[in-house]
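Commentary on secondary and tertiary structure
Letter by letter, the chains look like this.
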Amino acid sequence: KTSIQAIYGTTADFVTYDSVVKSIPAGDYPDHPLSGTFIGGYRPVVAYAEDVDRVIVGWQEVQSPNEPMYRIGELDPDGSVTWGDPIALDSTNKGLIYDMAYNPNTGKIQVVFGREGSTSNVYETKGVSIEINSDKTSTQDTIQNISGHEMEYGNLAYDEDTASMYMAYRYKNNDECLVRQ
């Protein structure tokens, strides 16, 4: 329905490529309030909510407090994406989104993310379900604690054979890759 360029490219200028952010050179835009700083986000993840025909892009905001954000996009007939407003996934803490995937059983996007805990720059693993509305807004369920441990990475996927969501992940400082239903 759309191209990856419309999602990751210039149409989605609020999210840049993985671990890359935009800089506003002070000399180019001296009157800009963020002149000489970084803007945008990084570590993007993408999911598609097929029941409402919407794409959702999540990222970690570059500006302090580095909170996890997402935006909902409507797929236009020409394949471009019209984006809604940015939404804070968890506005209470710094954090990052590991992955998100559509769950057809619930009609919601499942998100696994890290939230900074009591130790600076240590992200406790959390999960939340997000209902995507047709007007490019959302309704979030209550954030759930998955683990007090920090993940190094995590991926979500829906398995049609078992009609279940699965998460493959690895905790930091652990040599094992784990799977959870």
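Quantities reported herein were computed from a predicted structural model and do not represent experimental measurements. (Residues numbered from 1 in each chain as written. Predicted model: local features only at pLDDT ≥ 70, side-chain atom pairs only at ≥ 80, totals over all residues. Heavy atoms only, no water.)

**A word on the layout of surface pockets**
The condition is simple: Note on definitions: the grid is 1 Å and covers protein atoms alone; a cavity is a set of points where a 1.4 Å probe fits but cannot get out; a pocket is an open set with protein on both sides within 12 Å along at least five of seven lines; lining residues have an atom within 4 Å of a point. Grid points are joined across faces, edges and corners, and a volume is the space filled by probe spheres set on the points. The way it works is that DSSP assigns letters per residue, a run of H or I at least four long becomes a helix, a run of E at least two long becomes a strand, and they are numbered from the N terminus.
As a volume, the largest pocket reaches approximately 320 Å³. If you list the elements that add at least two residues to the lining of the largest pocket, you get strand S9 (108-116), strand S10 (123-132), strand S12 (144-147) and strand S14 (164-171).

**Remarks on the sheet that holds strand S13 (residues 151-159)**
Quick note on the threshold: Each pair of strands is called paired provided DSSP finds at least two bridges between the two strands. Orientation is described by lines fitted to C-alpha atoms, with helices fitted over the stretch in contact, and by angles between N-to-C directions that extend from 0 to 180 degrees.
Here three strands make up an open sheet; going across it, the order is S13-S14-S15 and the pairing antiparallel. Each edge of the sheet is formed by a strand with only one pairing partner; in this case those strands are S13 and strand S15 (178-180). Averaged over all adjacent pairs, the angle separating strand axes in this sheet is 20°, with direction ignored. Two elements, S14 and S15, share three bridges in a ladder whose sense is antiparallel. The residue of S15 that forms the bridge with Ala168 is Val179.

**Some words on the nonpolar core**
Heads up, the rule is: Think of a nonpolar core as a cluster: buried Ala, Val, Leu, Ile, Met, Phe, Trp, Tyr and Cys residues, connected wherever their side-chain atoms sit within 4.5 Å. Residue exposure (1.4 Å probe, protein chains only): buried if accessible area is under 20% of the type maximum, exposed if over 50%, otherwise partly exposed. Whether two residues are in contact is decided by their heavy atoms: any pair within 4.5 Å suffices.
Counting residues in each nonpolar core, the largest one holds 17 residues, and the members touching the most others are Ile56, Leu89, Met100, Ile109, Val111 and Ile130. Those residues in contact with Met100 that sit more than four places away from it in its chain are Val45, Val46, Ala47, Ile56, Gly58, Ile109, Gln110, Val111 and Leu156. Val112, Tyr123, Leu156 and Tyr171 belong to the second-largest nonpolar core, a separate cluster that totals 11 residues.

**Quick word on the confidence of the model for the protein**
Spelled out, the test is: One confidence number per residue, pLDDT, is output by the predictor and ranges from 0 to 100.
Scored by pLDDT, the protein comes out at a mean of 75, with 74% of its residues at no less than 70. When the elements of the protein are averaged for pLDDT, strand S1 (residues 22-23) gives the smallest value, 46, and strand S11 (residues 138-140) the largest, 93. Within the model, the stretch residues 1-24 combines pLDDT values under 50 with 73 contacts to residues more than four positions away or in other chains. In the model, residues 34-38 has pLDDT below 50 throughout and makes 20 contacts with residues more than four positions away in sequence or in other chains.

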